[in-house]
Amino acid sequence: MRFGCSTRTLLIAAFLGTLSRHALGEGRIVELAIRAGEASPKASVLSVSQNDEVVLRITSDRPLHIHLHGYDIESDILPNIVTSLRFTATATGRFPIEVHYKQDRKRQPLAYIEVRPR
Amino acid sequence: MEWAWIGVVACSPASAHGFGLRYDLPLPLFLWIIGAASIVILSFLFVAIFVRWNPRTEAPAEVNLLRWKTARVVGGQPSRFIARLFAVGALIVIIVAGMIGDQTPTRNLAPTAIWIGWWVGVSYLSAFIGDVWCVINPWAALFEWYEKSFPIQSASRTARIAWPRTLGVWPATGFFIAFAWIELVWDGRSIPSNLAWLAIGFSVISWAGMRLFGRNIWLRHADPFALAFSVLAGFAPTEMRIETRASNARGGGVSIVDPGQPVDCDRYYRAPESSRRWILRPPGAGLLHTKNVTPSLVVFVIVMLSTVTFDGLMATPLWQRIENALYEALPVLGDFRLTVINTFGLLSSCAIFLAIYRVVTTLVAKASPKFMTVEAASQAFVLALVPIAIAYLVAHYLSYLFIQGQLLIRLVSDPFGFGWNIFGSAHFRPDIGIVGARFVWYTSLFAIVVGHVVAISLAHIIALHNLDDPRAAVRSQFPMLLLMVGYTMMSLWIVAQPIVE
């Protein structure tokens, strides 16, 4: 029974995996720091899993209006205050977070939220 | 994540498409490997074992759909009239929306209707149903109605300019490259008023061309969309034909269905009902009609393929790196740097594809025991590549159609962004979870593998047709096999970006 233990562990892990697939996802806190309208590091990919309860914590040194595409979450960001956006990551995919300016300017996403299937 | 910090210059557009965003995740490595391996194995099996069918000796399995009443109604003149009215109405509403509507791309019907409803939607219908565009083309419909209402004008039909033979489909190829540039490179592609002006400009050119050269001559040689959709429809499972009755040597009235010539839908609708045939056939059978392929059509098909591939390439980190490097290296070009770089990319991908196809067909011609010129080889095999283009259209645009396409539900109720709610759907919220990453992964993989296997099989059937000897046919196909396996691996690689890095 050399493999007995590990098999049992695997079974339990698989069982827990099945549970967590159906149960609600985990809570995930994702940080995004913006300086002078740019995130650092630039255009990074913030990975979460499907059905996670995501808290996106954003700080900026100046007032901004940001938009998470796909989920279509928009919010004003006040300087030097942590703004928390909460959502459940139901849809999989890679969703850009962009700054929306008053004038139509060429935009590059600040970052991407990548929601991976479980 | 190395590429993340290399992207120092804030210059990459968020989307390489005409309009809107795709939220696709890249294909994971294990699926990429499964796909690549199955391509190689399945194609060898198909070529070597299954494909023995020679269209010269065996007719493909076909059914005439018109034996069913529903098909007689759908394929009848009144249905066409209604569909054309709808298309003309849609064209007018789109142009008006672009002109007077809200200029925010997502609040105006024009960008979504053009890039997703029409360009992606009609491509899919053409590839999987039949040459729908020929039936509904609103420009052709308006011109036909004009010709019918003013018979004096059309009396001068004989005085029209004859289409120069050498011109082939070069004008359509030129227009198609211009269209691809607008779709993939131009900044202003999602601004509603720009699109309205383009539609008006296209109308003027089309009608002038139809007036000068004749409607069908123009559509077949110079209209990039009529030609592109009809090329895709070569794969489709239906085809319109006319049965021509001819008496044979014994004098009996034997009916002979003209097998080589797929008829465009206009001739079908003009023919008496008794001689119309609406054929259900195996997918891809239409791509075996290689007799009428001209050198310019070869270029057109390769350009179609290369633009669709360049669209995918633009979304990869590799292209972003090239773009950034060129951006830094060419400050001389100022604000137009990105446009110049992407134009260069588009044109060079066309040139590279043409060059590779030329090399491969040279090898095929050399490997043929019977004398076959390079021109003959390139004309014979180019349509066999169409299933790969279709596979790529599926892999690349399916989630885009399902997710961004939902905007149309909202926009039909408020086409101008004036706050209307005509059909009560103005507040519809698109469900971005309608297709998940897994669905997109598996359909992409399936489409690319199957498209490739179909392409290999078609090329092999064409080779059998041209060379008769099965062994020689297999030998002549090794360069094509290499090309297609290579091409499909590249398509998978593009869909798999950037996880494979």
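For the structure, see preceding data.
These numbers were taken from a predicted model, which means no experiment stands behind them.

Each value, and the rule that gives it
Residues numbered from 1 in each chain as written. Chains lettered and ligands numbered in written order. Predicted model: local features only at pLDDT ≥ 70, side-chain atom pairs only at ≥ 80, totals over all residues. Heavy atoms only, no water. Helix = DSSP H or I, 4+ residues; strand = E, 2+ residues; numbered from the N terminus. Buried < 20%, exposed > 50% of the residue type's maximum accessible area, 1.4 Å probe, protein only. Contact = heavy atoms within 4.5 Å. Pairing = 2+ DSSP bridges. Disulfide = S-S within 2.5 Å. Phe/Tyr/Trp six-rings, centres within 6.5 Å; stacked < 30°, edge-to-face > 60°. Lys NZ or Arg CZ within 6 Å of the ring centre and 35° of its normal. Polar contact = N/O pair within 3.5 Å; in protein donor to acceptor, adjacent residues only side chain to side chain. Expected span 1.5 Å × (residues − 1). Axes fitted to C-alpha atoms, helices over the stretch in contact; angles between N-to-C directions. Parallel < 35°, antiparallel > 145°, perpendicular 65-115°, else oblique. Nonpolar A, V, L, I, M, F, W, Y, C, P; charged D, E, K, R; others polar.

Student: Sorry if this is basic, but what is going on with the overall build of chain A here?
Tutor: What chain A contains, in helices and strands, is one helix and nine strands. Reading the secondary structure of chain A in the N-to-C direction produces α-β-β-β-β-β-β-β-β-β. Counting all 118 residues of chain A, 41% fall into the buried class. If you take every contact in chain A between residues at least 6 apart in sequence, the share linking residues at least 24 apart comes to 65%.

Student: What is the right way to read the sheet that holds strand β1 (residues 27-35) of chain A from this model?
Tutor: Hydrogen bonds along the backbone pair up the strands of a sheet, which may run parallel or antiparallel. All names here are of chain A. The sheet built from four strands is open, its strands ordered β2-β1-β4-β7 with mixed pairing. Both edges of this open sheet fall to β2 (38-39) and β7 (83-88), since each of them pairs with a single strand only. Bridge count for β1 against strand β4 (residues 53-60) is eight bridges, and the pairing is parallel. If you follow Ala 33 over to β4, its bridge partner there is Thr 59.

Student: Sorry, what's going on with unusual backbone geometry here?
Tutor: With the exception of glycine, the majority of residues adopt a negative phi angle, and the majority of peptide bonds are in the trans configuration. Residues and elements named next belong to chain A. Although it is not a glycine, Ala 36 adopts a positive phi angle of roughly 50°. By the secondary structure assignment, Ala 36 is in the loop between β1 and β2. Residue Ala 36 is classed as partly exposed on the basis of its relative accessible area of 43%. Residues other than glycine seldom take positive phi values, yet Asn 51 does so here, at roughly 70°. Summarising the element assignment, Asn 51 is placed in the loop between β3 (44-49) and β4. Judged by its relative accessible area of 25%, Asn 51 is partly exposed.

Student: I'm lost on the state of the cysteines in this one. Help?
Tutor: Every disulfide links exactly two cysteines, by a covalent bond between their sulfur atoms. Residue and element names in this part refer to chain B. In this structure the tally under the stated criterion is one disulfide over all chains. Across the disulfide from Cys 134 sits Cys 265; the S-S distance is 2.3 Å. Given an S-S torsion of about -90°, the disulfide between Cys 134 and Cys 265 has left-handed geometry. Of this pair, Cys 134 sits in helix α6 (residues 132-136) while Cys 265 is found in helix α13 (residues 265-270), placing the two residues 131 residues apart along the sequence. By relative accessible area, which is 3% here, Cys 265 ends up buried.

Student: I'm lost on the packing of aromatic side chains in this one. Help?
Tutor: By convention here, two paired aromatic rings are described through the distance between centres and the angle between planes. Residues and elements named next belong to chain B. Going through the model one piece at a time under the given rule, you end up with 35 aromatic pairs over all chains. Consider the rings of Tyr 397 and Tyr 400, whose centres lie 6.0 Å apart with planes at 40°: the pair is tilted. Separated by three residues within a single helix, Tyr 397 and Tyr 400 lie in helix α18 (residues 386-404), roughly one turn from each other. If you follow Arg 276 out to its NZ or CZ, it ends over the ring of Tyr 268, 5.4 Å from the centre. The ring of Tyr 327 has Arg 337 lying over it, and the distance from NZ or CZ to the ring centre is 4.1 Å.

Student: Please explain the side chain of Asp 266 of chain B as it appears in this structure.
Tutor: Checked against the element boundaries, Asp 266 of chain B lands in helix α13. A polar contact is formed between the side chain of Asp 266 of chain B and the side chain of Arg 80 of chain B, at a distance of 3.4 Å.

Student: Help me understand helix α14 (residues 295-313) of chain B, please; the structure alone is not making it clear to me.
Tutor: One full turn of an α-helix is made of 3.6 residues, so residues set three or four places apart face in the same direction. Given a rise of 1.5 Å per residue, 19 residues ought to cover 27 Å, and the 27 Å separating the end C-alpha atoms of α14 of chain B matches this to within 8%. Within α14 of chain B, 17 of the 19 residues are buried, leaving the element largely enclosed by the surrounding structure.

Student: Any chance you could explain the packing of helix α9 (residues 170-184) of chain B against helix α12 (residues 224-233) of chain B here in plain terms?
Tutor: Packed helices, taken two at a time, are described by their axes: the angle between them and the distance between them. All names here are of chain B. Between α9 and α12, the least distance of the axes is 8 Å, while the angle of their chain directions is 95°. It follows from the interaxial angle that α9 and α12 lie roughly perpendicular. Judged by residue contacts, Ala 172, Phe 175, Phe 176 and Phe 179 of α9 engage Pro 224, Phe 225, Leu 227 and Ala 228 from α12. For the contact of α9 with α12, the residue count by class is eight nonpolar, no polar and no charged.

Student: Any chance you could explain helix α20 (residues 437-467) of chain B here in plain terms?
Tutor: Residue and element names in this part refer to chain B. The terminal C-alpha atoms of α20 lie 45 Å apart, and with 31 residues this matches the ideal 45 Å at 1.5 Å per residue to within 8%. Taking burial as the measure, the 31 residues of α20 include 22 buried ones, the bulk of the element. Directly after α20, the chain includes Asp 468, whose backbone phi takes a positive value near 65°.

Keep in mind these values describe shape, not function.
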